[in-house]
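One letter stands for each residue in the lines below.
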Amino acid sequence: MSELGQTLRTAREESGLSLDELQEMTKIRKHYLIAIEEGNYSALPGSFYARAFVKNYAEAVGLNAEEVLSYYKNELPSAPQTSAAEPSASPQPPRKASTSRTMSERFGKLGFSVLMWAFLGLIVFLLWMFVIRDDGAKSADSTDRTPMTTATPGPNDSRPTASPGSGALASPSPTATPTPTPPAGAVTFDRKSGGVDYYQVTGQPMLQLKFSGGAWLEVRKGGKSGERLYNQNVTAEDTIEIPLDAVIYVNTGRADNTEFYIDGTLLEDGDRPGPKRFQFDPSSGDAVSQDETGE
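Predicted model, so just to flag it, every value in this text is computed and none were measured.

Reading guide: rules and limits
Residues numbered from 1 in each chain as written. Predicted model: local features only at pLDDT ≥ 70, side-chain atom pairs only at ≥ 80, totals over all residues. Heavy atoms only, no water. Helix = DSSP H or I, 4+ residues; strand = E, 2+ residues; numbered from the N terminus. Polar contact = N/O pair within 3.5 Å; in protein donor to acceptor, adjacent residues only side chain to side chain. Core = buried A, V, L, I, M, F, W, Y, C linked by side-chain atoms within 4.5 Å. Buried < 20%, exposed > 50% of the residue type's maximum accessible area, 1.4 Å probe, protein only. Contact = heavy atoms within 4.5 Å. Axes fitted to C-alpha atoms, helices over the stretch in contact; angles between N-to-C directions. Parallel < 35°, antiparallel > 145°, perpendicular 65-115°, else oblique. Nonpolar A, V, L, I, M, F, W, Y, C, P; charged D, E, K, R; others polar. Salt bridge = Lys/Arg side-chain N within 4 Å of Asp/Glu carboxyl O. Expected span 1.5 Å × (residues − 1). Patch = residues over 30% accessible without salt bridge, like charges linked within 9 Å, V, L, I, M, F, W, Y side chains within 5 Å. Areas by Shrake-Rupley, 256 points an atom, 1.4 Å probe, with all protein chains shown as cover. Pairing = 2+ DSSP bridges. Phe/Tyr/Trp six-rings, centres within 6.5 Å; stacked < 30°, edge-to-face > 60°. Lys NZ or Arg CZ within 6 Å of the ring centre and 35° of its normal.

1. A few points about the environment of glutamate 237
Step number 1: Residue placement: glutamate 237 occurs in the loop between β5 (227-234) and β6 (239-243).
Step number 2: Considering only alpha carbons, one finds glutamate 237 and glycine 213, 24 residues apart in sequence, at a separation of 8.3 Å.
Step number 3: A distance of 3.0 Å separates polar atoms of two side chains, one belonging to glutamate 237 and the other to threonine 235.

2. A look at the nonpolar core
Step number 1: Leu4, Leu8, Leu44, Val54 and Leu63 are the most contacted members of the largest nonpolar core, which has 29 residues in total.
Step number 2: Counting residues per element, the ones that place at least two in this core are α1 (3-14), α2 (19-26), α3 (30-38), α4 (47-60) and α5 (65-71).
Step number 3: Look past the residues within four positions of leucine 63 in its chain and what remains in contact with it is Thr7, Leu8, Ala11, Ala58, Val68 and Trp216.
Step number 4: Counting residues in each nonpolar core, the second largest holds 21 residues, with Phe189, Leu209, Ile248 and Phe260 among its members.

3. Structural notes on the packing of α3 against α4
Step number 1: At a minimum axis distance of 11 Å, the contact between α3 and α4 shows a crossing angle of 90°. Viewed along their axes, α3 and α4 adopt a mutual orientation that is roughly perpendicular. Counted together, Tyr32, Leu33, Ile36 and Glu37 of α3 and Phe53, Val54 and Tyr57 of α4 form the full contact between these two elements.
Step number 2: Of the residues in the contact of α3 with α4, the class split is six nonpolar, no polar and one charged.

4. Concerning the pattern of salt bridges
Step number 1: In total, this model carries 12 salt bridges according to the counting rule given.
Step number 2: Between lysine 27 and glutamate 24 there is a salt bridge, with its nearest N and O atoms 3.1 Å apart.
Step number 3: Across the pair lysine 192 and aspartate 197 runs a salt bridge, and its minimum N-O distance is 2.8 Å.
Step number 4: Overall, aspartate 197 belongs to the buried group, its relative accessible area being 5%.

5. Describing the environment of valine 54
Step number 1: Along the chain, valine 54 falls in helix α4.
Step number 2: Placed 18 residues apart in sequence, valine 54 and isoleucine 36 show a C-alpha to C-alpha distance of 7.2 Å.
Step number 3: Setting aside chain neighbours within four positions, we find valine 54 in contact with Leu4, Leu8, Ile36, Val68, Leu69 and Leu76.

6. Points about α4
Step number 1: If you check α4, its first and last C-alpha atoms are 20 Å apart, about what 14 residues at 1.5 Å a residue would give, namely 20 Å.
Step number 2: Burial analysis of α4 places 10 of its 14 residues in the buried class, which makes it a mostly covered element.
Step number 3: Along α4, the positions that sit buried rather than exposed are Ser47, Tyr49, Ala50, Ala52, Phe53, Val54, Asn56, Tyr57, Ala58 and Ala60.

7. Side note on a nonpolar patch on the surface
Step number 1: A cluster of nonpolar residues, Leu122, Phe125, Leu127, Trp128, Phe130, Val131 and Ile132, forms a patch on the protein surface that exposes about 660 Å² of accessible area.
Step number 2: The residue phenylalanine 125 is located in helix α6 (residues 96-139) in this model.

8. So, the pairing of strand β4 (residues 215-221)
Step number 1: Across the seven residues of β4, six count as buried, placing the element largely inside the fold.
Step number 2: Where β4 lies against β5, seven bridges are found, and the strand directions are antiparallel. Looking at β5, one finds that glutamate 218 is bridged to asparagine 231.
Step number 3: Connecting β4 to the next strand, β5, in antiparallel fashion are five residues, including glycine 222 with a positive phi near 105°.

9. Structural notes on the sheet that holds strand β7 (residues 248-252)
Step number 1: With respect to topology, six strands assemble into an open sheet ordered β1-β2-β10-β7-β4-β5, the strand pairing being mixed. Two strands in the sheet have a free side with no partner beyond their single neighbour: β1 (187-193) and β5. Neighbour to neighbour, the strand axes of the sheet diverge by 20° on average, direction disregarded.

10. Re the packing of aromatic side chains
Step number 1: By the definition in use, this model includes 11 aromatic pairs.
Step number 2: Considering the side-chain rings of phenylalanine 189 and tyrosine 199, the 5.4 Å spacing of their centres and the 80° angle between planes classify their relative orientation as edge-to-face. On the criterion of sequence distance, the pair formed by phenylalanine 189 in strand β1 and tyrosine 199 in strand β2 (residues 196-201) is long-range, its members being 10 residues apart. Of the two residues examined, phenylalanine 189 and tyrosine 199, each falls in the buried class.
Step number 3: Members of the aromatic cluster, joined through ring pairs, are Tyr32, Phe48, Tyr49, Phe53 and Phe119.
Step number 4: In this structure, arginine 191 packs its charged tip against the face of tyrosine 198, placed 4.0 Å from the ring centre.
Step number 5: Over the face of the ring belonging to tyrosine 261 we find lysine 210, whose NZ or CZ atom lies 4.9 Å from the ring centre.

11. Comments concerning the sheet that holds strand β9 (residues 265-267)
Step number 1: Within the open sheet, the four strands sit side by side as β6-β3-β8-β9. Their pairing is antiparallel. Pairing within the sheet leaves two strands with one partner each, and these edge strands are β6 and β9. Sheet twist, expressed as the mean angle between neighbouring strand axes with direction ignored, is 30°.
Step number 2: In this structure, strand β3 (residues 206-211) lies alongside β6, joined through five bridges in antiparallel fashion. The residue of β6 that forms the bridge with lysine 210 is threonine 239.

Without other data, these values stay purely geometric and don't point to any function.
Shown next as structure tokens:
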């Protein structure tokens, strides 16, 4: 078994996925998955499919596919190289047999290109159907974006009051009042983009990650390409706390085994089996809220 195959197999077993389940997730035939784990790349359709299959395998078990391909690039079969043919010094008259062979080669290359693009299109369609569309249907309808904590009316809240001895409410003052902002510790769902769930965070609450089973976890500060805080496999005994004082990006290989708590309040994330990504962004209105509180 190759080093790459052992790495992928270990990640699959730690994610609790069987080969049959992985086949259903990636739509890659089971005997190809076994060949990848054993390092038998000659059993795959070609070098292009070897890299594509390894990438899909890594993403399905929660690994960073680009890092896996880069780290094990010497083990994977290299992509086919094509070179432009140099024109001959003196053109020769075409012969019938040579023309037929050339036409056959052209049709063969064209058929391979069509098959390759059709296969890639099928993969994109399946990913859209089973991942992006399902997640979008769950989160796109959340238009109210209600924060997890309830705002308590402050002393500056302007409410219409009844005048003594009158049966009607007095008209509110025409003076414009600032829009109330969520209290410190509030988390509001913002949007879903590129397979990532974005949340707006007010204040600097504490994010606590608890695990009900094994999972692979990646946490970065500053966004998807920011400073790496965690990149490891976790178990049910692990608990991780991260202050949300900056942009925090979280990628978990098993969302159903991962629970998110914001200052002790559970964040409902759908508990979908398989990998899922989150990003918590500090609200741009924090500074305004603090200035208004201090006045």
